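Below, each chain spelled out in residue letters.
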Amino acid sequence: MFSIDGAILDFKRLDLLAFGDTALHRLDARAKVIVTALFVMLVISHDRYELAALFPFFIFPAAMIAAGNLPCSYIARKILLLCPFIIVVGIFNPIIDRVIITHLGSIAISGGWLSFFSIIIRSILTIGSAFTLLALTGFPEVCRALEQLGMPRPFAVQLLFLYRYIFVLTEEGGRAARARQLRSCGKKGMGIKSFGTLVGSLLLRTWQRAERIHIAMLSRGFDGRFHSSRQTSFGRREFVFIAGWSIVLITLRTTDITRTIGLILIGRLN
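Residues numbered from 1 in each chain as written. Predicted model: local features only at pLDDT ≥ 70, side-chain atom pairs only at ≥ 80, totals over all residues. Heavy atoms only, no water.

Draft legend 1. Representation of the nonpolar core within the structure. Grouped together as the largest cluster of nonpolar side chains are 44 residues, with contacts concentrated most on Phe57, Phe241 and Leu249. Mapped onto this core, the elements with two or more residues apiece are helix H1 (3–17), helix H3 (29–44), helix H4 (59–67), helix H5 (72–90), helix H7 (111–137), helix H8 (139–148), helix H9 (153–183) and helix H11 (236–254). Here the element with the most residues in this core is H7; it accounts for ten residues. Once you skip the residues sitting within four places of it in the chain, Phe241 turns out to touch Leu24, Leu27, Ala31, Lys32, Val35 and Met64. (Core = buried A, V, L, I, M, F, W, Y, C linked by side-chain atoms within 4.5 Å. Buried < 20%, exposed > 50% of the residue type's maximum accessible area, 1.4 Å probe, protein only. Helix = DSSP H or I, 4+ residues; strand = E, 2+ residues; numbered from the N terminus. Contact = heavy atoms within 4.5 Å.)

Have a look at this one:
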């Protein structure tokens with residue numbers, strides 16, 4: 001009965017983490033959005049068979065989590081929740097692409113396996129950076145930053161409403177599941193027969209509640225603009241943050257750091 005409620009509270013923790021008071025939290029949201037977008041583009045720009053060159057990019061989410069005093073285990077759990085979907089995306093690669101690309105000792109490794117693990121690593125990096133951005137900034141501030149960076153306001157507002165609707169949907173789903181369990185006295189109730197009616201009723205209830213919320217927002221003067229309790233400005237700290245991380249990330253993309261470190265270690269061992 002409390003699983004949905006627990007999931008809601010756990011997801012809302014991202015918004016609560018955004019109220020931190022570290023140097024990263026105080027940065028203008030636009031700087032964090034720009035650097036995260038650059039990070040994502042550089043990660044996904046790697047070749048599909050590239051694997052070793054992706055590992056140095058873990059320095060970015062790790063540094064952001066450490067500097068922002070974010071709970072690493074919480075971010076890791078959020079990423080693990082999406083891992084089954086990531087595996088489904090690339091699970092057929094080893095079957096389709098059987099061309100041998102490299103050998104690990106006596107073990108032949110096909111291109112399908114390399115691309116499969118590359119998809120997993122890239123997904124972990126990009127999803128982890130997105131969760132880290134939300135935990136450091138908050139989704140409303142991210143939408144506000146996107147609007148300031150040129151996204152049309154209707155799109156940014158729709159993103160924010162979609163995010164809020166997720167909570168409305170899950171809260172109504174929790175109420176429906178609780179009512180169903182109480183009326184069935186611990187049994188399965190009407191089983192799968194009532195599932196279609198339950199889903200239809202849930203969508204109607206969430207739609208009506210979302211409309212009431214929108215009317216309440218309009219009655220309080222909502223005009224489509226974002227208002228924030230934390231006022232920030234784009235200054236020298238933001239330029240330094242963007243320039244510093246841009247240099248680091250572009251260097252990681254253009255230089256095979258893993259291979260360089262491997263050659264240095266082999267040279268010392270010899």
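Draft legend 2. Main features of H8. The buried count for H8 comes to seven of ten residues, which makes it a mostly enclosed element. The positive-phi residue at the C-terminal boundary of H8 is Gly150, with phi of around 120 degrees.

Draft legend 3. Seen up close, the packing of aromatic side chains. The tally for this structure, following the rule as stated, stands at nine aromatic pairs. A ring pair is formed by Phe60 and Trp245, whose centres lie 5.0 Å apart and whose planes are at 85 degrees; its orientation type is edge-to-face. Taken together, the residues span a long stretch of sequence, with Phe60 in helix H4 and Trp245 in helix H11 at a distance of 185 residues. The burial state of Phe60 is the same as that of Trp245; both residues are buried. Taken together, the ring pairs connect Phe39, Phe57, Phe60 and Trp245 into an aromatic cluster. (Phe/Tyr/Trp six-rings, centres within 6.5 Å; stacked < 30°, edge-to-face > 60°.)

Draft legend 4. Representation of H4. Of all the positions in H4, only Phe60, Pro61, Met64 and Ile65 are classed as buried. Buried residues along H4 cover an arc of 125 degrees about the axis, so they all sit on one side. Summarising the contacts, the buried residues of H4 are in contact with helix H2 (23–26), H3, H5, H7 and H11. Looking one or two places after H4, you find Asn69, whose phi comes out positive at around 55 degrees. (Arc of directions from axis to C-beta.)

Draft legend 5. A look at empty space enclosed by the protein. Taken as a whole and assessed by the stated rule, the structure comprises one cavity of 30 Å³ or more. Its boundaries defined by the atoms lining it, the largest cavity holds a volume of some 30 Å³. Taken together, Thr36, Phe60, Pro61, Met64, Ser129, Thr132, Leu133 and Leu136 make up the lining of the largest cavity. At the level of secondary structure, the elements contributing two or more residues to the lining of the largest cavity comprise H4 and H7. No other element matches the four residues that H7 contributes to the lining of the largest cavity. Taken together, the residues of the lining of the largest cavity break down into five nonpolar, three polar and no charged. (1 Å grid on protein atoms, 1.4 Å probe; cavity = no way out; pocket = protein on both sides within 12 Å on 5 of 7 lines; lining within 4 Å. Points joined across faces, edges and corners; volume = space filled by probe spheres on them. Nonpolar A, V, L, I, M, F, W, Y, C, P; charged D, E, K, R; others polar.)

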